[in-house]
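Per-entry structural report
What follows is the residue order along each chain.
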Amino acid sequence: MRPPIPFTFMPDLPLAWHLGELKRLSSAGIPVLLDVDTMGADEATQCLELMLHDPDMATPVEPFGSLLQALVEKQPMALWDLTFLERSGEAEVFRTLPKAHPECLACACFPICAGYATQMGSCATWQALIPRLAAAARALGRLRQEQEAPGNSRGFVAAEREELSPP
Amino acid sequence: MTTLILKPTDACNARCRYCSAAHPGAAKFMDGETLRQVFELFGDWACDFGRRRLRIIWHGGEPLLMPEAFWEEALGLEDELLRSRGITVENGIQTNATRLTPERIPLLKRLLGPKGVVGTSVDPLPGIRELKGVPEGQYARDFGAALEALRAADIRYGLVIVVHRLALPHLEELYAKLRTEHPGTGLRFNPLYRQGRAGEARVWDDLGITAEEWGQALITLHGAWMKDGCPPGVQPFGPWEALHRDGHWGLSCECSGRCFATHFGVDPEGGVFLCGRSSDGASFAFGNASTLTAQALHEHPLRRSLANRSVYLQRSTCRGCIWWRYCHGGCVNDAWLEKGTAFAATSFCAGLKHFFERRFGTNVRPGVA
């Protein structure tokens with residue numbers, strides 16, 4: 001897939017316009033990269049909902065797509081590991097977290113955020129996004145399990161039974 | 001299942017040199033109202049979050065200093081507030097056993113049920129464990145008589161052995177003696193940690209061990225265990241061996257990385273803590289049973305922090321460590337004692353690594369779980 005193109009929210013234009021543009025680009029097969037750390041919680045959440053639910057969205061909206069895939073596949077990762085996010089500074093942030101930001105270590109989003117949002121000043125946004133992404137990943141994981149369960153490949157199993165049954 | 005380390009008193013009739021639970025001030029004894037509040041809280045917990053299974057380890061201090069009336073009330077409240085709600089309750093007890101006379105055996109049987117085990121601890125070296133205000137040697141005599149009474153009543157017991165500096169030159173001999181005198185008994189070897197009486201400078205100078213000494217002690221004891229045919233019930237070795245061989249993950253609390261999910265400690269005044277060690281050191285406190293609700297306890301920010309400790313360590317101190325699955329950063333109380341933070345690995349890390357490398361080599365899958 002082609003690399004995503006950066007998509008910046010312009011403060012003078014309404015959210016609806018941006019969502020419309022996202023949809024136009026994605027339906028044309030163009031993946032998009034959002035600068036989530038500069039977005040408000042509501043804007044970011046609506047972009048995520050668009051990606052999750054709108055049938056016209058043909059390409060992922062990054063970094064949501066990568067994060068969702070990692071969550072569905074239960075990869076041990078955090079925001080620091082995502083290709084599309086700012087990855088430097090983790091060691092320094094971690095060193096200072098227990099004293100400088102104990103609230104970060106008590107946050108339910110820490111297993112995925114791992115202090116990234118504290119460095120970027122985007123806690124509110126990621127605190128809105130992460131639970132939604134985790135819920136979507138759980139739902140997708142269940143769907144995948146149902147589809148892969150024995151007997152769900154009905155065509156193959158039915159054919160096998162026909163071969164084994166007496167004439 | 002949730003394990004509740006319940007300390008009805010911090011009073012003790014013994015004066016062990018390295019007691020981690022000893023602290024200054026008047027002894028406290030739990031009253032009936034506090035016990036009721038504790039059972040109401042953990043009854044709700046067991047129903048909402050604990051799969052309706054509760055294991056209560058009566059601890060202390062010395063729990064058998066509590067009078068008969070307390071135990072009758074405790075058994076009644078367990079039925080009224082726990083079992084009546086469909087909660088399975090298992091009782092255990094950790095006692096120095098010196099107050100365990102044949103007359104108390106019927107109470108013990110009622111408390112423990114058919115499967116319950118008495119936990120106790122032993123230190124054969126002279127001068128380490130004595131009773132207050134009685135001649136030297138009485139502890140050992142009373143202890144021996146108690147074990148005889150347990151055996152006669154067919155009640156199983158397990159032994160905790162604290163490894164300290166004076167024991168280091170005698171570990172193999174100690175292991176052999178324990179196996180001979182207590183065949184089929186579970187043994188658990190723990191390092192001495194710097195808390196309570198062991199935190200006093202003169203005690204620690206005499207008895208304290210370094211991480212490296214603990215690692216070497218593990219190597220020595222493990223060697224003795226292997227020569228003995230690897231009998232079951234000798235900790236910490238059995239779970240590590242099972243993990244290495246089968247990938248089976250049944251580690252004890254200090255190595256599980258999940259103690260926040262499985263354990264609580266309660267002190268005589270109803271204070272609720274992460275575990276028994278935490279209640280001794282008044283660290284990792286959640287509040288009091290008189291005011292906490294199960295929901296508030298479940299959502300407590302401290303529990304969330306403790307849950308996040310694993311994530312933090314895996315991305316910092318313990319990053320890339322091939323032994324992560326074997327210790328998960330070790331006991332959070334060790335980290336607290338040494339560094340004043342939960343977000344550090346156990347102070348015994350170097351010793352554990354030394355033991356793991358010696359026992360299992362270095363060709364292991366990097367830790368993930």
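Residues numbered from 1 in each chain as written. Chains lettered and ligands numbered in written order. Predicted model: local features only at pLDDT ≥ 70, side-chain atom pairs only at ≥ 80, totals over all residues. Heavy atoms only, no water.

**A closer look at the environment of A:Pro31**
Residues and elements named next belong to chain A. The residue Pro-31 is located in the loop between helix 1 (15-27) and strand 2 (32-34) in this model. Spatially, the C-alpha atoms of Pro-31 and Ile-5 are 6.4 Å apart, while their sequence positions differ by 26 residues. Residues in contact with Pro-31, not counting those within four places in the same chain, are Met-1, Arg-2, Pro-3, Pro-4, Ile-5, Thr-59 and Pro-60. (Helix = DSSP H or I, 4+ residues; strand = E, 2+ residues; numbered from the N terminus. Contact = heavy atoms within 4.5 Å.)

**A short note on the packing of helix 7 (residues 211-227) of chain B against helix 16 (residues 349-360) of chain B**
Residues and elements named next belong to chain B. Interaxial distance between helix 7 and helix 16 falls to 6 Å at its minimum, and their mutual angle equals 35°. The chirality of how helix 7 crosses helix 16 is right-handed. Contacts between helix 7 and helix 16 pair Ala-211, Glu-212, Trp-214, Gly-215, Gln-216, Leu-218, Ile-219, His-222 and Met-226 from the former with Ala-350, Gly-351, Leu-352, His-354, Phe-355, Arg-358 and Arg-359 from the latter. Of the residues assigned to the contact of helix 7 with helix 16, the class counts are eight nonpolar, five polar and three charged. (Axes fitted to C-alpha atoms, helices over the stretch in contact; angles between N-to-C directions. Left-handed = near helix turned anticlockwise from the far one by under 90°. Nonpolar A, V, L, I, M, F, W, Y, C, P; charged D, E, K, R; others polar.)

**Focus on the nonpolar core**
In terms of nonpolar packing, the biggest core is built from 153 residues, with A:Leu34, B:Phe42 and B:Trp58 touching the most fellow members. Among residues more than four places away in sequence, those in contact with B:Phe42 are B:Leu4, B:Leu54, B:Leu82, B:Phe264, B:Val266, B:Val272 and B:Leu297. (Core = buried A, V, L, I, M, F, W, Y, C linked by side-chain atoms within 4.5 Å. Buried < 20%, exposed > 50% of the residue type's maximum accessible area, 1.4 Å probe, protein only.)

**Things to note about a negative patch on the surface**
Residue and element names in this part refer to chain B. On the surface, Asp-31, Glu-33, Glu-40 and Glu-73 cluster together into a negatively charged patch. Take Glu-40: it is sitting in helix 1 (residues 32-48). Exposure remark for Glu-40: the relative accessible area of 36% places this residue in the partly exposed category. (Patch = residues over 30% accessible without salt bridge, like charges linked within 9 Å, V, L, I, M, F, W, Y side chains within 5 Å. Areas by Shrake-Rupley, 256 points an atom, 1.4 Å probe, with all protein chains shown as cover. Salt bridge = Lys/Arg side-chain N within 4 Å of Asp/Glu carboxyl O. Lys, Arg positive; Asp, Glu negative; His and termini not counted. Charge placed at Lys NZ, Arg CZ, Asp CG, Glu CD.)

**Observations regarding a nonpolar patch on the surface**
Residues and elements named next belong to chain A. On the surface, a nonpolar cluster with roughly 260 Å² of combined accessible area is contributed by Met-10, Leu-13 and Trp-17. In this structure, Trp-17 sits in helix 1. Under the relative-accessibility criterion, Trp-17 is labelled partly exposed at 37%.

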